[in-house]
Amino acid sequence: QVQLVESGGGLVQPGGSLRLSCTASGIIYRISTMGWYRQAAGKQRDLVATISSGGIPNYADSVKGRFTIYRDNAKNTVSLQMSSLRPEDTAVYYCEAYVAGSWFSPDREHWGQGTLVTVSS
């Protein structure tokens, strides 16, 4: 079993910064892509950013230049540094990771429980 635990959400003023972190634990042989998605109230869950096991990032257009995703493979963590936050960034942010439990197992998708980010004055 694999668990993803997020931390770092909260209330921040427009223009402010916040960092989210996510740690994977459990039976882990390999983690490939890790990422962050978000879901605003009444909307679908959307991609924010992903990062490959080799450290190659991919960003949604709406966050390019403002958010940075990075990972620590030794600690099984992925983080999202968010700057120049806007009210429209308000959402529940979810961590995602593709994890294999052994060398012969396929990667399986796992999700965290989500952490709320509210951008408001």
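It should be noted that the structure appears before, not after, this text.
Engineer: Looking at this structure, how should I read the overall build of the protein chain?
Structural biologist: The number of helices and strands found in the protein chain is 0 helices and 11 strands. Its helices and strands taken in sequence order, the protein chain reads β-β-β-β-β-β-β-β-β-β-β from the N to the C terminus. At 14 Å, the protein chain has a C-alpha radius of gyration in line with the 14 Å of a compact globule built from 121 residues. Principal-axis analysis of the C-alpha atoms gives the protein chain an extent of 50 × 25 × 25 Å. With 121 residues in all, the protein chain has 42% of them scored as buried. For the protein chain, the exposed area adds up to about 6,400 Å²; of that, 50% sits on carbon and sulfur atoms. Treating the 11 positive side-chain charges of the protein chain as one cloud and the 9 negative ones as another, the clouds have centres 3 Å apart.

Engineer: In this structure, what is going on with the side chain of S105? I would like to understand it.
Structural biologist: In this structure, S105 sits in the loop between β9 (91–100) and β10 (108–111). Note on S105: relative accessible area 16%, which makes it buried. There is a polar contact of 2.6 Å between the side chain of S105 and the side chain of S102. Apart from residues lying up to four places away in sequence, S105 is in contact with R30 and A100.

Engineer: What is the right way to read the environment of Q1 from this model?
Structural biologist: If you trace the backbone, Q1 turns up in the segment before β1 (2–7). In sequence terms Q1 and I27 are 26 residues apart; their C-alpha atoms lie 5.8 Å from each other. When sequence neighbours within four positions are dropped, the list of residues in contact with Q1 reads S25, G26 and I27.

Engineer: Would you mind going over the nonpolar core with me for this structure?
Structural biologist: Within soluble globular proteins, side chains that are nonpolar tend to cluster in buried spots. Core analysis: the largest hydrophobic core is formed by 29 residues, its most contacted members being W36, L80, M82 and Y93. Put simply, the parts of the chain that give this core at least two residues each are β1, β3 (18–26), β4 (30–39), β5 (45–51), β7 (67–72), β8 (77–82), β9 and β11 (115–119). Of the residues forming this core, the biggest block, 5 residues, is contributed by β9.

Engineer: What is the right way to look at the sheet that holds β8 in this model?
Structural biologist: Consider a sheet: its strands pair through backbone hydrogen bonds, and that pairing is either parallel or antiparallel. Taken together, the 4 strands give an open sheet; going across it, the order is β1-β3-β8-β7, and neighbouring strands pair in antiparallel fashion. A single partner strand is all that each edge strand has here, and the edge strands are β1 and β7. Averaged over all adjacent pairs, the angle separating strand axes in this sheet is 15°, with direction ignored.

Engineer: Would you mind going over the pairing of β1 with me for this structure?
Structural biologist: On a regular strand, each side chain points to the face opposite its neighbour's, so the side chains alternate between the two faces of the sheet. Burial of β1 is one-sided: the residues V2, L4 and E6 facing one way are buried, the residues Q3, V5 and S7 facing the other way are not. Bridging between β1 and β3 involves 6 bridges; their strand directions are antiparallel. Looking across to β3, one finds that V5 is bridged to T23.

Basis of the calculations
Residues numbered from 1 in each chain as written. Predicted model: local features only at pLDDT ≥ 70, side-chain atom pairs only at ≥ 80, totals over all residues. Heavy atoms only, no water. Helix = DSSP H or I, 4+ residues; strand = E, 2+ residues; numbered from the N terminus. Rg over C-alpha atoms; globule rule 2.2 N^0.38 Å. Buried < 20%, exposed > 50% of the residue type's maximum accessible area, 1.4 Å probe, protein only. Areas by Shrake-Rupley, 256 points an atom, 1.4 Å probe, with all protein chains shown as cover. Lys, Arg positive; Asp, Glu negative; His and termini not counted. Charge placed at Lys NZ, Arg CZ, Asp CG, Glu CD. Polar contact = N/O pair within 3.5 Å; in protein donor to acceptor, adjacent residues only side chain to side chain. Contact = heavy atoms within 4.5 Å. Core = buried A, V, L, I, M, F, W, Y, C linked by side-chain atoms within 4.5 Å. Pairing = 2+ DSSP bridges. Axes fitted to C-alpha atoms, helices over the stretch in contact; angles between N-to-C directions.

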